[in-house]
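Observations on the three-dimensional arrangement
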Amino acid sequence: MKIRIGDDIIFEEFENRADVHYAPELFGVVEVSRSNYQVAELLSWLKSFYKQIFAVRLKINVKELLKYPENDSVKDILKKTIFAIPYDFQQILEEESTKIVEHYRLTENWRIPFEIVILTHRLPVPPFLEGISIHLPEYFYNKPKNLLELPSAFESAYRQGAVMKYPALYFTRKVSANELVKWLKNPKNRKLFENIQYKLPRQKEIDRDQKTIFWGQVAWILKQDGINSWAKMTKAIEKLLEKNPDNFYNIVPEAVEIQKYYERFVESLQKIEIG
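So, here's what we can say about the structure.

The rules we used
Residues numbered from 1 in each chain as written. Predicted model: local features only at pLDDT ≥ 70, side-chain atom pairs only at ≥ 80, totals over all residues. Heavy atoms only, no water. Helix = DSSP H or I, 4+ residues; strand = E, 2+ residues; numbered from the N terminus. Buried < 20%, exposed > 50% of the residue type's maximum accessible area, 1.4 Å probe, protein only. Contact = heavy atoms within 4.5 Å. Core = buried A, V, L, I, M, F, W, Y, C linked by side-chain atoms within 4.5 Å. Domains from an automatic or database assignment. Phe/Tyr/Trp six-rings, centres within 6.5 Å; stacked < 30°, edge-to-face > 60°. Axes fitted to C-alpha atoms, helices over the stretch in contact; angles between N-to-C directions. Parallel < 35°, antiparallel > 145°, perpendicular 65-115°, else oblique. Salt bridge = Lys/Arg side-chain N within 4 Å of Asp/Glu carboxyl O.

1. Considering the overall build of the protein chain
Regarding its fold elements, the protein chain presents twelve helices and two strands. Tracing the protein chain from N to C terminus, the helices and strands come up as β-α-α-α-α-α-α-β-α-α-α-α-α-α. Classification of the 275 residues of the protein chain by burial places 38% in the buried group. Long-range pairs, those at least 24 residues apart, make up 73% of the contacts in the protein chain with a sequence separation of at least 6.

Quick look at the structure:
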């Protein structure tokens, strides 16, 4: 049997894909990261992603998926998912989720969503992770509260732990914003700035029109039904559109367009796959 493009990386049981879920109640953000949403959506089509999360479920003895709590507080969501399993399994879950993050070379804010999708089959989309953060020495917290809005105790502890884990710039005297910009523009310092970050993952950016990903998915599903001609796909989509006019974009793509959408969909998956 001839292997079609995409068959080696796309999860065949597309109807049982993880539910990609924007969860402001979990992350406390108002705006979704469009790029992270597309990364999550593409992950939900990757065969390798399911191979890894299924393996973790075996390790932590997940025989029945947990229900994702709707509209709960962060505390309750974590209590009913990650903290609902035995502590030893929580440690394994964290370690294995970190490995999946590293496998796809994603940023650390994907770890908890991966822990949750392993337990619930629902993948929350993390917000955009700011690349620049601030470490405040202990003495700084003795300053008046009106000096600036200080991080919460939790954020403070997290950031101080992060300082030990990540490269950081620090200041020994007052530095103006212009001086900092000038420092970064110095070729020697710019090279240093690049070098100290060489082990850090990049913010994964997927810049695809949502229509491209949608029609690419439709094309792959039609391929599974044995329709390999782009022209025949267009006709099949027209028939589907007649039955379900609310489920598709208004204009049915031409044969050459559906081919383009499918190939770009697969290219996007490959970009996620190789990390």
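Having seen the structure, we can now continue with the description.
2. Structural notes on the nonpolar core
Membership of the largest hydrophobic core comes to 57 residues, with the highest contact counts inside it found for Leu43, Phe49 and Phe114. When residues of this core are assigned to their parent elements, the largest contribution, seven residues, is made by helix H12 (residues 255-273). Two domains share this core, each providing at least three of its residues, namely domain 1 (3-125) and domain 3 (210-274). Those residues in contact with leucine 43 that sit more than four places away from it in its chain are Phe49, Tyr50, Tyr104, Leu106, Trp110, Phe114 and Ile272.

3. Examining the packing of aromatic side chains
Taken as a whole and judged by the stated rule, the model has 13 aromatic pairs. Taking 5.8 Å as the distance between ring centres and 85° as the angle between the ring planes, the aromatic pair formed by tryptophan 45 and tryptophan 220 counts as edge-to-face. With tryptophan 45 in the loop between helix H2 (34-43) and helix H3 (47-59) and tryptophan 220 in helix H10 (residues 210-224), the pair connects residues that are 175 residues apart, well separated along the chain. Given the relative accessible area of 1%, tryptophan 45 is considered buried. Taking the centre distance of 5.7 Å and the plane angle of 75° together, the rings of phenylalanine 49 and tyrosine 50 count as edge-to-face. Using a relative accessible area of 0% as the deciding quantity, one classes phenylalanine 49 as buried. For tyrosine 50, a relative accessible area of 1% gives the class buried.

4. Thoughts on the packing of H3 against helix H6 (residues 111-120)
Interhelical geometry of H3 versus H6 gives an angle of 70° and a closest axis separation of 9 Å. By the angle between their directions, the pair H3 and H6 is classed as roughly perpendicular. Listed contacts from H6 to Phe49, Ile53, Val56 and Arg57 of H3 are Phe114, Val117 and Ile118.

5. Digging into unusual backbone geometry
Within the chain, asparagine 61 stands out as a residue other than glycine whose phi angle is a positive 60°. With respect to the helices and strands, the residue asparagine 61 is situated in the loop between H3 and helix H4 (74-80). Owing to a relative accessible area of 46%, asparagine 61 belongs among the partly exposed residues under this scheme. The backbone of arginine 105 sits at a positive phi, close to 55°, despite the residue not being glycine. Residue placement: arginine 105 occurs in the loop between helix H5 (87-103) and H6.

6. Structural notes on the pattern of salt bridges
Inspection of the entire model under this criterion finds eight salt bridges. Each member of the salt-bridge network shares a partner with another, and the members are Asp19, Glu70 and Arg122.

7. Considerations on the environment of lysine 235
With respect to the helices and strands, the residue lysine 235 is situated in helix H11 (residues 230-243). Look at lysine 235 and you get exposed, because its relative accessible area is 56%.

In short, geometric facts, not functional conclusions.
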